[in-house]
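# Inside the fold
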Amino acid sequence: MKIATWNVNSLNVRKPQVLSWLAQQQPAILGLQELKQVNEAIDNSDFAAMGYQTLLNGQKTYNGVALIYQEELGEPSDVVCDIPALDDPQRRVIAATFGELRVINAYVVNGEAIDSEKYQYKLNWLEAFSNWLALEIAQHPNLVVMGDFNIAPSDADVFDPERFKDAVLCSPPERDYFNRLLAMGFTDALNCFSNEENNFTWWDYRGGGYRRNHGLRIDHILTSPAVQAKATACHVDKEPRGWERPSDHAPVVLTLA
DNA sequence: ATGGTGGCTGTGCCA
């Protein structure tokens, strides 16, 4: 059983690629970020024809997240589209329970630059997000938290650490929030299974980032201990990043026994 | 080289 996350940077543009990738990889659950569409603009029948159902939390132009899941998983329960205790008009989270498995899919704030207001919004957002995850991991032994975290956890996750030193995506306060999640008992699944250097998930469109492998590892899958015990692999699927008109992110895939 | 590209909007914003 595979669980995956992918920032598609517009579902409208990337939907054919998402459908191709679903057919190729057959994940049980796929978390998408940056739909950039409202729910009403998304035609679920394309997914249904392939045996997938959708849970959508869309937004016009920016943000927007979804969970795409195999219909044989049955009806999900406890669907949540907002972080409790955070008044946030931006559509950045969607969570649901599939049988015994709780899944949270998130598009963390980018933050732009550490001297910007958006960076403060990011830290406030991460505070509420981490508080919520502490409650969730206490309630759900089988929990997966995945998505675009917009945090490179360590210098090994950055193609040029000097260039990104103390910059947004890499600053100590952001990394502190990521480490806070690990301290709660989550495992960084990709980091656990792959010791490869340069295991990047995002490459800037600008400056030939992908061609030069100027990437960062900012998309993650975090597993609770009971889920991690069932995990047999976790990897970045770089193939779609090389397709025509790609997203700037590659999918990350967790395999469970 | 303080740039570059891409998506969506609306003549800029966001990543």
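Quick caveat, the model's predicted, so the values are computed rather than measured.

## Considerations on the packing of aromatic side chains
For the coordinates displayed, the defined rule picks out 8 aromatic pairs. For the pair Trp 203 and Tyr 210, a centre-to-centre distance of 4.9 Å together with 90° between the ring planes defines the contact as edge-to-face. Since its relative accessible area comes to 1%, Trp 203 is described here as buried. Ring-pair connections join several aromatic residues into one group, and the members of that group are Trp 125, Phe 129, Trp 132, Phe 149 and Phe 178.

## A look at empty space enclosed by the protein
For the coordinates displayed, the defined rule picks out 2 cavities of 30 Å³ or more. If you go around the largest cavity, the residues you meet are Asn 57, Cys 81, Asp 82, Ile 83, Leu 86, Asp 88, Gln 90, Arg 91, Arg 92, Val 93 and Trp 125. Within the lining of the largest cavity, the residues separate by chemical class into 5 nonpolar, 2 polar and 4 charged. Approximately 30 Å³ is the volume found for the second largest cavity. Of all the secondary-structure elements, those providing two or more residues to the lining of the second largest cavity are helix H3 (117-139) and helix H4 (172-183).

## Things to note about the layout of surface pockets
Where empty space is left can be seen by rolling a probe of water-molecule size over the atoms. Its volume calculated, the largest pocket comes out at about 850 Å³. Lining the largest pocket are 33 residues, and of these Asn 110, Glu 112, Asn 150, Trp 202 and Arg 206 sit closest to its centre. Residues that form the lining of the largest pocket fall into these classes: 12 nonpolar, 10 polar and 11 charged.

## Let's talk about the protein's contact with DNA strand B
Ser 10, Val 13, Arg 14, Lys 60 and Arg 245 are the nearest of the 16 residues found near DNA strand B. Ser 10 places a side-chain nitrogen or oxygen 2.3 Å from a phosphate oxygen of DNA strand B. Lys 118 is positioned with one of its side-chain polar atoms (N or O) 3.4 Å from a phosphate oxygen of DNA strand B. In terms of residue class, the surface near DNA strand B is made up of 4 nonpolar, 6 polar and 6 charged.

## Observations regarding the pairing of strand E4 (residues 65-70)
Most of E4 sits out of view: 6 of its 6 residues are buried. Side chains Val 65, Leu 67 and Tyr 69 project from E4 onto one buried face, and the interleaved Ala 66, Ile 68 and Gln 70 project onto a second face that is buried too. In this structure, strand E2 (residues 29-33) lies alongside E4, joined through 5 bridges in antiparallel fashion. Bridging from a neighbouring strand, Ile 29 pairs with Tyr 69 of E4. As paired elements, strand E3 (residues 52-57) and E4 share 6 bridges and run antiparallel to each other. Opposite Asn 57, over in E4, you have Val 65 as the bridge partner.

The rules behind the values
- Sequence order as written defines residue numbering, which begins from 1 separately in each chain.
- Chain letters and ligand numbers both follow the written order, the letters beginning at A and the numbers at 1.
- Local features in this predicted model are restricted to residues whose pLDDT is 70 or higher, and side-chain atom pairs enter the listing and the counts only when it is 80 or higher, whereas totals over whole chains, interfaces and linings include all residues.
- Note that the side-chain values use all heavy atoms of the structure and ignore hydrogens as well as water.
- Aromatic rings from Phe, Tyr and Trp, taking only the six-membered ring of Trp, are treated as a pair when their centres fall within 6.5 Å; an angle between ring planes under 30 degrees marks them as stacked, one over 60 as edge-to-face, and anything in between as tilted.
- The classification of residues rests on relative accessible area computed with a 1.4 Å probe and restricted to protein chains. Under 20% of the type maximum is buried, over 50% is exposed, and intermediate values are partly exposed.
- The way it works is a 1 Å grid over only the protein atoms, where trapped points that fit a 1.4 Å probe form a cavity and open points with protein on both sides within 12 Å along at least five of seven lines form a pocket, and then any residue with an atom within 4 Å of a point lines it.
- Grid points are joined across faces, edges and corners, and a volume is the space filled by probe spheres set on the points.
- All residues other than Ala, Val, Leu, Ile, Met, Phe, Trp, Tyr, Cys, Pro, Asp, Glu, Lys and Arg, Gly among them, are scored as polar; the first ten of these are nonpolar and the last four charged.
- Helix numbering and strand numbering both begin at the N terminus, where a helix is a DSSP run of H or I of at least 4 residues and a strand a DSSP run of E of at least 2.
- We define proximity as follows: a residue is near a molecule or strand when any one of its heavy atoms falls within 4 Å of that partner.
- Polar contact is the term for a pair of N or O atoms within 3.5 Å; when the atoms are in protein, one must be able to donate a hydrogen and the other to accept it, and sequence-neighboring residues count only if both atoms are side-chain atoms.
- The criterion for strand pairing is that DSSP finds at least two bridges linking the strands in question.

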